[in-house]
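Coordinate inspection notes
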Amino acid sequence: MKNNVAIAAAAVIGLNLVIYLATPYYSAWRIMQSVSSGSPAQMERYIDFPSVQSSLRQQVDSAFTAQAEKDPMVAAFAPMIRQALDSMIDELVQPDKLAELIHSGKLQPAPARPDKTGTARPGGVGNGAAELDWYAFFDRPDRFRISAGDLSLYMEMRQWRWQLTAIGIDGLLDMDAPRGQPVASADAASAEPVAEEIDTHSPPPPRSNIDREALRERLAKSFFITGDFSDKAMVEGDFHYTPVPPGTEIEVTWLDARDADGNPVLGSFTEQELKEREKFRSGKGIFQGQWQDKLPKSSADASVATASGQLKLQLPARIEHISLDGSQLNQLQVQGDVAANLTQMENGSLSLSLYQPHDQAEVEPLVYIRNAQGQPLRKPSASSVTPTEPVEKDEFPRPMRSTRISYSVAGTPASVDIYFPLGMEEVEVEFTATQKPEVLFGELKAPILQTRYAAPRPEQELSPVDAGVLDGIEVELVEETTWDNKSHTSLQFTLPELSNSVFARVEYGNLQVFKDGQAVEFTPSQSRSGTTEYSVSFQEDTDSFNSAYLVPDRITGSITLSYPARAETVRVNQGETFRGATLDGAQLSYPKDGEFPRYSSVFNPRSASAFDSDGRRIAYLPGGDYWDDDSYSLYFWGEPDHVELKAITEWVEKEIPVDLSLDDLQSTGDSRG
């Protein structure tokens, strides 16, 4: 009898395993069929559109942030670009547009690839669309992947049905980093260890003992109008120092909007826009401490000076904390009403099973994965499965909701801290959003009404160096094509890959430029790509705004480089002057080209960081920089208690020789400028 029961149980388990392994292939075929047919009904059954939208938004945000850190022009127009990107993603995640994306001409035929079990699957498993080459496989036990050209379509089990939950696009986000359960391969043993990256955006641990009234006062002044270019204004909210648990959705209702003369300019969303906003959960999420959404205007010509709204969000009444390390692997840990089990931990990955009361609202716990020094490691991606049925065990005080979650980890984890928000309570806040303050010729046009805070990101430190670090810098003469398809020549060179390079100073006064064998007067035009890549072109030395680029026959002489060798950080308090640097209200000023470098909003480290009396970082005010022959000044988006300012105490001077002619010319299709 016992043998029959065992056989029956094994048969049930085997059947379930076969179904689990087979159903994603069928779902993948259905997804690709629905894409080929363009059927919205079929696509909505097998595609989680809000989740796909979120995956694309994160990739675009990551790519945009990286580009802004390299290109000051991108950073300068960030609000306008972000608004365009937001509209692009909203438009893209529609059944017809998503089908066009997958069917785009960049998809290339793909060879057969082994699945998780090592069985080669022919190109296009169940491929019902002859023009679309794709293959599918398990890349983790709990995740299935369709690979089609430049796209990776990720499927997860949702409500006991496999659904498409994310789309990875090559070049935007590396969704193929090592995972919690890597695909088995012959090369696995020789794979390189995952390099360590500290998570500089890691939020502070959540707290339950929150002064609700103080929180309301802070949130009431945390919203800012950052773009106003069409029939919608862009509004951003800062939650960097607000104890909002990750994954918490917020709800904003607009009450009023006024122009500079006090006229009402609040519009409304169309019925179609409202449906799309609800479908994609627009304006609900907070990403890396920042919220962003659109405010409808009464007309495209209207300008929004202030806007008011009501904010609703959930905050925890209490927090349960569980800390685990490698010695507790596969040991269930129960703490009050929650529990956690560390099931896997190795270089590049970590997996957990988390348990919360089934009868309470589902709130995502905050998970910190730490290295041996206790620093939080970056988590490039995560995947989770939450069955709907409650779990009951003798160790549990009540039926629990189980979530199995796997992280890819940048580095080797040593421990993990999990914070469970419990007893969520709704908080309502009425807030006012204000325009970005304007600076004209170094003077504020009006007082700053609301302080804007920046992410609590640690600054990179400068390395002490000597003159030898600059050996080997070579200059090339390159032919470039500019944005307007005009060709010109430029000198290009690369500085050392050190944070010191952010503050390097370059002069071109010792160069001579020759045209038709004659030395000519010129004006250097310098551009930077990132912190180390320099390009300098030469323009005719005229008073004309549209002076043409020179195409010299020969360039000789030297480039003068002043490179930071030693630095220290000094503190300048509000209303004080220290070593020539003065903090007066929101303005910081100091001598031009002295020991204090100019501020750069896109490169880290930054020359100045502003803080309030509680140690919160105050944001830099873009466009507020001003300099004359003797001094340089910048503004912060609020009045700091003090500023930490980097001072270069020692410079290394180097003359980089240049002797190049058209015979040395190299060609490139892209302009660094």
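Procedures and definitions
- Residues numbered from 1 in each chain as written.
- Predicted model: local features only at pLDDT ≥ 70, side-chain atom pairs only at ≥ 80, totals over all residues.
- Heavy atoms only, no water.
- Helix = DSSP H or I, 4+ residues; strand = E, 2+ residues; numbered from the N terminus.
- Buried < 20%, exposed > 50% of the residue type's maximum accessible area, 1.4 Å probe, protein only.
- Contact = heavy atoms within 4.5 Å.
- Pairing = 2+ DSSP bridges.
- Axes fitted to C-alpha atoms, helices over the stretch in contact; angles between N-to-C directions.
- Salt bridge = Lys/Arg side-chain N within 4 Å of Asp/Glu carboxyl O.
- Phe/Tyr/Trp six-rings, centres within 6.5 Å; stacked < 30°, edge-to-face > 60°.
- Lys NZ or Arg CZ within 6 Å of the ring centre and 35° of its normal.
- Polar contact = N/O pair within 3.5 Å; in protein donor to acceptor, adjacent residues only side chain to side chain.
- pLDDT = per-residue confidence, 0-100.

**With respect to the overall build of the chain**
Check the secondary structure of the chain and you find eight helices and 37 strands. When the 673 residues of the chain are sorted by exposure, 46% land in the buried category. Within the chain, residue pairs in contact and separated by at least 24 positions form 72% of the contacts whose partners lie at least 6 positions apart.

**Description of the sheet that holds strand S16 (residues 381-385)**
With antiparallel pairing, the five strands of this open sheet are ordered in space as S12-S13-S14-S17-S16. Strand pairing shows two members of the sheet lacking a second neighbour, strand S12 (333-335) and S16, which therefore form its edges. Across the sheet, the mean angle from the axis of one strand to that of its neighbour is 20°, orientation sign disregarded. Bridge analysis of S12 against strand S13 (residues 338-346) gives three bridges, and the strand direction is antiparallel. When the bridges of S13 are listed, Val334 appears paired with Ala339.

**Things to note about the pattern of salt bridges**
Within the structure shown, the criterion is met by 24 salt bridges. Its salt-bridge partner being Arg378, residue Glu197 comes within 3.0 Å of it at the nearest N-O pair. On the criterion of sequence distance, the pair formed by Glu197 in the loop between strand S6 (161-169) and helix H7 (212-219) and Arg378 in the loop between strand S15 (366-370) and S16 is long-range, its members being 181 residues apart. With relative accessibility at 36%, the residue Glu197 sits in the partly exposed group. Note that Asp238 is salt-bridged to Arg452, the shortest N-O span being 2.8 Å. Of this pair, Asp238 sits in strand S8 (residues 232-238) while Arg452 sits in the loop between strand S20 (443-444) and strand S21 (476-481); the two residues are 214 residues apart in sequence, bridging distant segments of the chain. You can call Asp238 buried: its relative accessible area is 6%.

**Notes on the packing of aromatic side chains**
Summed over the entire model, instances satisfying the criterion amount to 14 aromatic pairs. Residues Phe223 and Phe431 carry aromatic rings whose centres are separated by 4.0 Å and whose planes lie at 20° to one another, so their mutual orientation is stacked. Of this pair, Phe223 sits in strand S7 (residues 223-228) while Phe431 sits in strand S18 (residues 415-435), and the two are 208 residues apart along the sequence. Residues Phe223 and Phe431 agree in their burial class; the two are buried. An angle of 85° between the planes, with centres 5.3 Å apart, marks the rings of Phe522 and Phe538 as edge-to-face. With Phe522 in strand S26 (residues 522-529) and Phe538 in strand S27 (residues 533-540), the pair connects residues that are 16 residues apart, well separated along the chain. The class of Phe522 is buried, set by a relative accessible area of 16%. Looking at Arg452, its charged tip hangs above the ring of Trp637, at a distance of 5.2 Å from the centre.

**Thoughts on the side chain of Ser607**
Considering the arrangement of structural elements, one finds Ser607 in the loop between strand S31 (587-591) and strand S32 (608-611). A polar side-chain atom of Ser607 sits 3.4 Å from the main-chain carbonyl oxygen of Pro597. A polar atom in the side chain of Ser607 sits 3.5 Å from the backbone nitrogen of Tyr599. Residues within four places of Ser607 in sequence aside, it is in contact with Phe503, Tyr590, Pro597, Arg598, Tyr599, Glu644, Leu645 and Lys646.

**Topic: the sheet that holds strand S30 (residues 581-584)**
If you trace the five strands from one edge of the open sheet to the other, you get S29-S30-S31-S35-S34, paired in antiparallel fashion. Each of the sheet's edge strands pairs with one partner strand only, and the pair in question is strand S29 (577-578) and strand S34 (626-627). Sheet topology places S34 next to strand S35 (residues 631-635); two bridges connect them, and they run antiparallel. In the sheet register, Tyr626 faces S35, and the bridge partner there is Ser633.

**Focus: the pairing of strand S17 (residues 400-408)**
For S17, a buried count of eight out of nine residues is recorded, marking the element as mostly surrounded by other parts of the structure. As defined by bridge partners, S16 adjoins S17 across five bridges and the pair is classed as antiparallel. If you follow Ala382 over to S17, its bridge partner there is Tyr407.

**Let's talk about the confidence of the model for the chain**
Here the chain averages 78 in pLDDT, while 72% of its residues score no lower than 70. The low-confidence segment residues 105-132 (pLDDT under 50) makes 55 contacts with residues lying over four places distant or belonging to another chain. Residue range residues 171-190 is modelled with pLDDT below 50. Its contacts to residues more than four positions away, or to other chains, number 42 contacts.

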